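Coordinate analysis (summary)
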Amino acid sequence: LLVLGLISYSNASDVMLSEMDPSNNHLLELKPGENAIVNFEGGGLYTALRISENGVAVDADLRLIFSDGELVDGRASNVIELARPGEDGETTYVPVRLFEKEKGGEYRLYNDGNDTLWLVDDLQSQLNMMSSPWVLLFMTGCCFGLPIGLVAVILLGINLRKKKNDQQVSGIKIENKVLST
């Protein structure tokens, strides 16, 4: 299983990179000064991202307003929310604000920054990844292959020790001599 997981990794990584790249998979792409309406489903996880130059932290510079005029703050990214590589391997997208478990409805997102802002539905991206057979094969192979392989190595070691002990009979030395009286 582990070998199967490792073999499927190359195809799975292509699918994962494509799904996680905001330039390919986004709800909104806003140029500086633009705004647009987006519909959120309740209970989702929506991430606003910007391109980072040389790993420099990027300001959020955005506003998300619910249809009733309420400003939605969201939250800053944590250690868990990592920068995402683009498919080209050179672009790095940094999460600047996360909106989770927002009530469903119509929102307006304003890009108050000086560069492009992407809004991504992370739960939908994850669902799309999990529907790929390559990703499922990779996860199955690595998640189940490693523990099963470890148990197999332990059982092999126990079996070899047992066979070694079975071949030795303690206290008796057998030689090719015939006993006589």
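Above this text is the structure in question.
Quick summary incoming for the structure in this document. (Residues numbered from 1 in each chain as written. Predicted model: local features only at pLDDT ≥ 70, side-chain atom pairs only at ≥ 80, totals over all residues. Heavy atoms only, no water.)

Things to note about the overall build of the protein
Condition: Numbering goes from the N terminus for both helices and strands, where a helix is a DSSP run of H or I of at least four residues and a strand is a run of E of at least two. To sort residues, take the accessible area from a 1.4 Å probe on protein chains only and compare it with the maximum for the residue type: under 20% means buried, over 50% means exposed, and anything in between is partly exposed. Here, residues are in contact when the closest pair of their heavy atoms is within 4.5 Å. In these tables, accessible area is a Shrake-Rupley quantity obtained with a 1.4 Å probe, and a residue counts as shielded only by the protein chains included in the view.
Summing up its helical and strand segments, the protein has 3 helices and 9 strands in all. Per-residue burial over the protein gives 30% buried out of 181 residues. Restricting the contact set of the protein to residue pairs at least 6 apart, pairs at least 24 apart contribute 81%. Of the roughly 12,100 Å² of accessible surface on the protein, 57% is carried by carbon and sulfur atoms.

A look at the pairing of strand β9 (residues 117-121)
Applicable threshold: Following DSSP output, two strands are said to pair if at least two bridges run between them.
When you tally the buried positions in β9, you get 5 out of 5 residues, the bulk of the element. Here strand β1 (residues 28-30) runs beside β9; their pairing, made up of 3 bridges, is antiparallel. Within β9, the residue paired with glutamate 29 across the bridge is tryptophan 118. Pairing of strand β3 (residues 45-51) with β9 involves 4 bridges; the strand directions are antiparallel. From the neighbouring strand, threonine 47 faces β9, where its bridge partner is valine 120.

Re the pattern of salt bridges
As a reminder, the rule being used: What makes a salt bridge here is a side-chain nitrogen of Lys or Arg within 4 Å of a carboxyl oxygen of Asp or Glu, nothing more.
All chains considered together, the criterion is met by 5 salt bridges. A salt bridge links arginine 50 to aspartate 115; the nearest nitrogen and oxygen atoms lie 2.9 Å apart. Of this pair, arginine 50 sits in strand β3 while aspartate 115 sits in the loop between β8 (105-111) and β9; the two residues are 65 residues apart in sequence, bridging distant segments of the chain. Judged by relative accessible area, arginine 50 falls into the buried class, the value being 0%. Under the relative-accessibility criterion, aspartate 115 is labelled partly exposed at 28%. Here arginine 84 ties to aspartate 122 by a salt bridge, and the two come within 2.7 Å at their closest N and O atoms.

Observations regarding the nonpolar core
What counts here: Remark: nonpolar core denotes a set of buried residues (Ala, Val, Leu, Ile, Met, Phe, Trp, Tyr, Cys) joined through side-chain atoms within 4.5 Å.
By size, the foremost hydrophobic cluster in this structure holds 18 residues, and its most contacted members are Phe40, Leu62, Leu64, Phe99, Tyr107, Leu109 and Leu119. Apart from the residues lying within four places of it in its own chain, the contact partners of leucine 119 are His26, Leu27, Leu28, Val38, Phe40, Tyr46, Thr47, Ala48 and Leu109.

Re the environment of aspartate 68
The condition that has to hold: Under this definition, polar contacts are N or O atom pairs within 3.5 Å; protein pairs additionally need one hydrogen-donor-capable and one acceptor-capable atom, and for neighbouring residues in sequence, both atoms have to be side-chain atoms.
Within the secondary structure, aspartate 68 is located in the loop between β4 (62-66) and β5 (71-72). Classification of aspartate 68 as exposed rests on a relative accessible area of 53%. Engagement of the side chain of aspartate 68 in a polar contact is seen with the backbone nitrogen of glutamate 70, the distance being 3.0 Å.

Topic: the pairing of strand β2 (residues 35-40)
Here β2 shows one buried face, formed by Ala36, Val38 and Phe40, and one open face, formed by Asn35, Ile37 and Asn39. Sheet topology note: the β2/β8 ladder contains 6 bridges and is antiparallel. Residue pairing across strands places asparagine 35 opposite tyrosine 110, the latter belonging to β8.

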